[in-house]
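Remarks on the overall topology
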2 protein chains.
Amino acid sequence: MSAPTPVFLAACRREPVPYTPIWVMRQAGRYLPEYRQVRSRVSFEALTRTPELAAEVTLQPLRRFALDAAILFSDIMTPLSGMGVDLTFEPGPVIGQPIRTDAAIDALRPLEPLRDVPFVLDTVRLVRAEAPRGVPLIGFAGGPFTLLCYLVGGRPSKEFETARAFLYESPRSAERLLDRLADAMAVYLGAQADAGAQALMMFESWGGLLAPPEFERFALRGAIRTLTALRARGVPLIYYLNQGCALLDRLASLPADVFGVDWRMPLGAVRRVLGPQKAVQGNLDPAALFAPPDELARQAESVLREAGGAPGHIFNLGHGIWPQTDPDALARLVDIVHDRSARGGVHA
Amino acid sequence: MSAPTPVFLAACRREPVPYTPIWVMRQAGRYLPEYRQVRSRVSFEALTRTPELAAEVTLQPLRRFALDAAILFSDIMTPLSGMGVDLTFEPGPVIGQPIRTDAAIDALRPLEPLRDVPFVLDTVRLVRAEAPRGVPLIGFAGGPFTLLCYLVGGRPSKEFETARAFLYESPRSAERLLDRLADAMAVYLGAQADAGAQALMMFESWGGLLAPPEFERFALRGAIRTLTALRARGVPLIYYLNQGCALLDRLASLPADVFGVDWRMPLGAVRRVLGPQKAVQGNLDPAALFAPPDELARQAESVLREAGGAPGHIFNLGHGIWPQTDPDALARLVDIVHDRSARGGVHA
């Protein structure tokens, strides 16, 4: 007898589910006192590189809330250290020598996960061993363009001007860097799946800074290269794009199973553009967790209704949960989503 | 004999024009050495409050480039000091006592421009006296919701979490504050027009942080209130929205003549949604100014083509020009836009 497919994985595959599954981006994070307690003892970087601690904070939200998936605690920049990038967190990622020449690009080492990020793979194994039954683990990586934003810019900035100018100044070098990063992320995500990750997610957090032609030429090029390499594994692939409203019709060429979008794009419109073969993930405004309980319920029901029913919908926030959020509000949200979707009343 | 209507104003009214007019957001700014020279002697705040200097930097870009409009040098937060807000620039606007209660909202004084911002009105008069013939002056104000973001949050932040949470926590107070700000901005813009501003623009820079229902309830409420009060003046009204792709169909109810959008939304799609009665303004990616000349020309032609012809199109960047931009690139852009649109070749 085999165990039933976890609800989250069934939803990724658009199979029938008893209720809409929910997890939230950054669910292992600063809004939880138990996370802050761990972080008070170690740096962010040490936390990402110590499997016992990274697994502990990955599991923390699952002890509090009836979440339907876990997501690896790590940072999208973490694997780049292994490629020879001089990376520190202050607290945002800072690159000692920004990558802006072909020589610097060619000096990047191909990623070898067993050598370069063994601690990530150990974290995956530890979480798999300890996570509750029926709660799959999502592995993740940054989208190649989002990684380029940090590597070229050198440090986080609001508009990533240096990286965006680089695309126009040196488009061939940008493509060269994107291809390197895409190949590295394919290997990285593949290794996470080998270690036990049951779904793989790409965060293209800054793709929405690009106009459609540049998005297609640069961001989509990289994402397609990574996801195509992973397609044959049969693990659900999730692609998240922030600020991507004007880019949605370009995503059809992406070999992903699930598309996550931010809170500004109604999921009904997303489904109409992407078609019935794709699942959607999202997209409550993280600010809605500050509403009184009845308004939070109304907002959550609106997302469920826009998504058009449980099959093929994974509930999430439209962006990471804010550090100042009351954990009790997330507890309420999880209950609302499970309760309303199981009853199906939101489709009336 | 009356002088011919300036090209910029004709385009705002969708009248026939000999070429597509162009100006760029933040054209009076840090990318110009002559601006930096003035700023090296006075603080930003002093610059905005000294009519001779504010007029000087407003006029600087007109001496270098064949721009078709001037825009008042000021800050969207400047009039709020006159309402009793404890405002400093460090360099972003910082509010000593953030406005988060009904008592604080009710303590805001109604704006009386002659008493509170005489230096702005004097700047308008000076610029009008000195600007080249045929180059109209645009007055401006912040959108009420964008002003709320700063007033509630207290200082600039990437996501304006405090202000966005406030909308969900205290929606009635938010509406109360928006109405106050909307009335103040109507009076403020009206006074600029009385002093000589020939078009009025509202910058709703952060409206795109809201999901459509909250945009409609909060941001649009304020903008409609301000613009409706100005409608009867017959001065062209321009509304700029950043990150507003998912909100475009909600804008139809706004009594504006011209809609400016960021670089991510193709102008052809904007025109299809807004209809033939509205002019559009924009929307080259500010990063495109870093491209080699031939690629810059290709990018500018693409914007002209998307806009569908000169009548009812005002060329601009999709966001403010970056401080690190080479002024020569803007000179090239102005020539390209005038040349290509006069020849009409981009419509082939």
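The following refers to the structure shown. In this text the structure is predicted, and so the values were computed from the model without any measurement. (Residues numbered from 1 in each chain as written. Chains lettered and ligands numbered in written order. Predicted model: local features only at pLDDT ≥ 70, side-chain atom pairs only at ≥ 80, totals over all residues.)

**Here's the deal with the overall build of chain A**
What counts is decided by this rule: Labels follow the DSSP assignment, with helices taken as runs of H or I lasting at least four residues and strands as runs of E lasting at least two, numbered in each case from the N terminus. Only C-alpha atoms enter the radius of gyration; for comparison, a globular chain is expected to reach 2.2 Å times N to the power 0.38, where N is the number of residues. Whether a residue is buried, exposed or partly exposed is read from the other C-beta atoms within 10 Å of its own C-beta, which are placed from the backbone; 20 or more gives buried, 12 or fewer gives exposed, and intermediate counts give partly exposed. Two residues qualify as being in contact provided that their C-beta atoms, derived from the backbone, are within 7 Å of each other.
Summing up its helical and strand segments, chain A has 15 helices and 9 strands in all. For 348 residues, the compact-globule estimate of 2.2 N^0.38 gives 20 Å, and the C-alpha radius of gyration of chain A, at 19 Å, lies within 12% of that figure. Principal axes of the C-alpha set define a box for chain A whose edges measure 60 × 45 × 45 Å. By the burial criterion, 55% of the 348 residues in chain A qualify as buried. By sequence separation, contacts in chain A at least 24 residues apart represent 74% of the contacts at least 6 residues apart.

**Side note on the interface of chain B and chain A**
Facing the 24 residues of chain B at the interface are 24 residues of chain A. The greatest single-element share of the side of chain B that touches chain A, amounting to 6 residues, is contributed by helix 10 (residues 161-169) of chain B.

**Some details on the nonpolar core**
When a protein is soluble and globular, its nonpolar side chains tend to lie buried together. Note the following rule: By definition, a nonpolar core groups buried Ala, Val, Leu, Ile, Met, Phe, Trp, Tyr and Cys residues that are joined through C-beta atoms within 7 Å.
If you look at the biggest cluster of nonpolar residues, it comprises 254 residues, and the most contacted ones within it are Ile 138, Leu 148, Leu 200 and Tyr 239 of chain A together with Ile 138, Leu 148 and Tyr 239 of chain B. Once residues lying within four places of it in the same chain are set aside, the contact partners of Leu 148 of chain A are Ala 163, Ala 174, Leu 177, Leu 178 and Leu 181 of chain A.

**Considerations on the environment of Thr 226 of chain B**
Residue and element names in this part refer to chain B. Within the secondary structure, Thr 226 is located in helix 12 (residues 212-230). The exposure class of Thr 226 is buried, given the 29 C-beta atoms found within 10 Å. For Thr 226 and Ala 182, which are 44 residues apart along the polypeptide, the C-alpha to C-alpha distance reads 5.0 Å. Not counting residues up to four positions away in its chain, the partners in contact with Thr 226 are Pro 144, Ala 182, Met 185, Ala 186 and Met 202.

**Regarding the sheet that holds strand 8 (residues 279-284) of chain B**
Strand pairs in the sheet, formed through backbone hydrogen bonds, run parallel or antiparallel to each other. Here is the rule: By this definition, two strands are paired if DSSP reports at least two bridges between them.
Taken in spatial order, the 7 strands line up as 1-4-5-6-7-8-9 (chain B) in an open sheet, and their pairing is parallel. Sheet topology places strand 1 (70-71) and strand 9 (313-317) of chain B at the edges, where each strand pairs with a single neighbour.

**As for the packing of helix 4 (residues 51-64) of chain A against helix 8 (residues 118-130) of chain A**
All names here are of chain A. To keep it simple, the criterion reads: What counts as an axis is a line fitted to C-alpha atoms, over the stretch in contact for a helix, and the angles between N-to-C directions run from 0 to 180 degrees. By the definition adopted for this analysis, an angle is roughly parallel if under 35 degrees, roughly antiparallel if over 145, roughly perpendicular if from 65 to 115, and oblique otherwise. Whether a crossing is left-handed or right-handed is set by the direction in which the near helix is turned from the far one by less than a right angle, anticlockwise for left-handed and clockwise for right-handed. Asp, Glu, Lys and Arg are counted as charged, while Ala, Val, Leu, Ile, Met, Phe, Trp, Tyr, Cys and Pro are counted as nonpolar; the rest, among them Gly, fall into the polar class.
The N-to-C vectors of helix 4 and helix 8 enclose an angle of 45°; their axes lie 8 Å apart at closest approach. The angle between the axes of helix 4 and helix 8 places the two elements in the oblique class. At the point where helix 4 passes helix 8, the crossing takes the right-handed sense. Residues Pro 51, Glu 52, Ala 54, Ala 55, Thr 58 and Leu 59 of helix 4 form the contact with helix 8, whose own contacting residues are Phe 119, Asp 122, Thr 123, Leu 126, Val 127 and Glu 130. In terms of residue class, the contact of helix 4 with helix 8 is built from 7 nonpolar, 2 polar and 3 charged.

**Details of the relation of the copies chain B and chain A**
As a reminder, the rule being used: Superposition of the copies was done by least squares, using only C-alpha atoms of residues whose pLDDT is at least 70 in both.
Between the two copies, chain B and chain A, the superposition gives an RMSD of 0.0 Å; the rotation angle is 180° and the shift along the axis is 0.0 Å. A rotation of that kind, with that shift, is consistent with a two-fold axis. Taking C-alpha positions as reference, the residue of chain B nearest the rotation axis is Cys 245 of chain B, located at 3.0 Å. Taken together, the interface assignments show that 100% of the residues at the interface of chain B recur at the interface of chain A, consistent with an identical surface on both copies.

**Focus: the pairing of strand 9 (residues 313-317) of chain A**
All names here are of chain A. For strand 9, the buried fraction is high: 5 of the 5 residues fall into the buried class. Going residue by residue along strand 9, you find His 313, Phe 315 and Leu 317 tucked away on one face and Ile 314 and Asn 316 tucked away on the opposite face as well. Relative to strand 9, strand 8 (residues 279-284) runs parallel, the two sharing 5 bridges. Bridge pairing links Leu 284 to Leu 317 in strand 9.

Functional significance is not addressed by these values, which are geometric in nature.
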